[in-house]
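Residue-level structural notes
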Amino acid sequence: MDSGARPKLAGKIGLFDATMIVMGGMVGAGIFINPYVVAQRVHSPVLMLSVWVAGGLIAILGAFVYAELGDRMPEVGGQYVYLSKAYHPAVGFLYGWVLLLVIQTGGMAAVTVTFARYFLELTGAPLSERWIVVLTLGLLTAINCLGVKLGSRVQSVLMLLKIAAIACLVSAGLFLVKQPHSLLHPILDRPPSLGLAAALGAAMVPVLFSFGGWQTTNFIASEIKEPRKNLGRALVIGVAGVITLYLLVNVVCIRVLGVSALAQTSVPASAVMRIVLGDRGARLIALGIAVSTVGFLSQAILTAPRVYFAMAEDGLFFRGVAYVSRTTQAPVVAILLQSIWTVLVAFTGKYEQILNFVIPIDFFFIGLSASCLFVLRHRERIAQLQASQQLLASESKSGFRVPGHPFTTILFIAACWTVVANTLYTYPENSLIGVLILLLGLPVYAFWNRRRKASK
């Protein structure tokens, strides 16, 4: 590389590591916990498993949509880029604003504190919870500042350890339980009715939340080798792999505990392992959950800072956030910024409240980003009709096409915005806070936009 040239992000992530990043963004602590939430809302094995299958199908539709978006625009920043180019830079900025301020950092703070509690329970280390939070985030931040290749390799190792933990849980539940519960009866927990439909809708919310996270891989599209080919493959393979893991976990939870007992425990994975292997099994799965939380953090630190980097590159954020290390080719300032803010959020102790009001904002933007596909395809059709040769290469060379579009794309967007509507209806006050934080980004965008224009 020319010593005088400005360092850039490097494409060093292969298909395997990209697939592990997709899976790592989805599999956190939720799958070890959320089966009990679903069991509280629908009360038959068939309905429970049907909800998880439906959630998986919606996730795979989303993977198809984002695969085409990534194929059209394999650029750093993912959703920020799609929203900026399809609609307006202000829309992309608002997404990056809430991602940094609450969505990503709020989720990371909650997960880091969860890890700290499991770590202290397992080890009895003479450290405070806050010290564990700082040390964990500090170590993962340092790893990712050393380069995307090292960060992705560490993420792959952590994801393989997550798969091993889930494999232990599944194997114990399938082969060691002595009196399994039926997976087929009863089929329905009540006659077909509006009440049943409402219960299924309510059960879908935690399921869709558990299946979220795959879209963050698009943040690092430009750092994936042959992104037009490998990003789409990683999304589809990774989401399909997680669907398989989640269904197996739910089968085991129902088989060992039964729906009634499952609905009464907030730690179903631990309950399964305690029944099958005693306290040793419970400690083993606690270790697996701790590793899973670290893996989620590693993925978040690897992917999301690319959004803030892209905003800074466009002149819509502090210019220093676009700094790339000449040695490691990593956006070290953006990575540090996110981790420092996460520590501050964790120390406030308000991360649980933050999670309550960011869910509708997050799903709103996931759906809105998917809708960009309609805009891009419309532009493509206009260009074709006009026989224009001026179409952007990112739009004219699209190879991957969403199967069943526009119907499948509309279904995915509707599912995302159903979560938004459900949350707005159920938690109006929390949702209002999220909307206010979003709107506060408008004057901030105006400031940065004026500053960008003045610097030209």
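Our structure's up above, just so we're on the same page.
Residues numbered from 1 in each chain as written. Predicted model: local features only at pLDDT ≥ 70, side-chain atom pairs only at ≥ 80, totals over all residues. Heavy atoms only, no water.

Let us now look at the side chain of Ser339. Mapping Ser339 onto the fold places it in helix α12 (residues 332–348). Once you skip the residues sitting within four places of it in the chain, Ser339 turns out to touch Leu137, Thr141 and Ile301. (Helix = DSSP H or I, 4+ residues; strand = E, 2+ residues; numbered from the N terminus. Contact = heavy atoms within 4.5 Å.)

Here the structure, examined in full by the defined rule, presents 10 salt bridges. Its salt-bridge partner being Glu380, residue Arg72 comes within 3.3 Å of it at the nearest N-O pair. In this pair, Arg72 is assigned in helix α3 (residues 45–72) and Glu380 in helix α13 (residues 351–385), connecting sequence segments 308 residues apart. Taken as a pair, Arg72 and Glu380 share a single burial class, namely buried. The closest approach of N and O atoms between Glu380 and Arg401, which form a salt bridge, is 2.7 Å. A residue pair is termed long-range when its members are at least 10 positions apart, and Glu380 in helix α13 and Arg401 in the loop between α14 (393–396) and α15 (407–426) qualify at 21 residues. Judged by relative accessible area, which is 6%, Glu380 ranks as buried. Among the charged side chains, a network of salt bridges with common partners joins Glu68, Arg72, Arg377, Glu380 and Arg401. (Salt bridge = Lys/Arg side-chain N within 4 Å of Asp/Glu carboxyl O. Buried < 20%, exposed > 50% of the residue type's maximum accessible area, 1.4 Å probe, protein only.)

Position of Gly107 among the secondary structure elements: in helix α5 (residues 89–123). Each C-alpha atom, one on Gly107 and one on Ala346, is 9.6 Å from the other, the two residues being 239 residues apart in sequence. Leave out the neighbours within four places in its chain, and Gly107 touches Val102 and Leu355.

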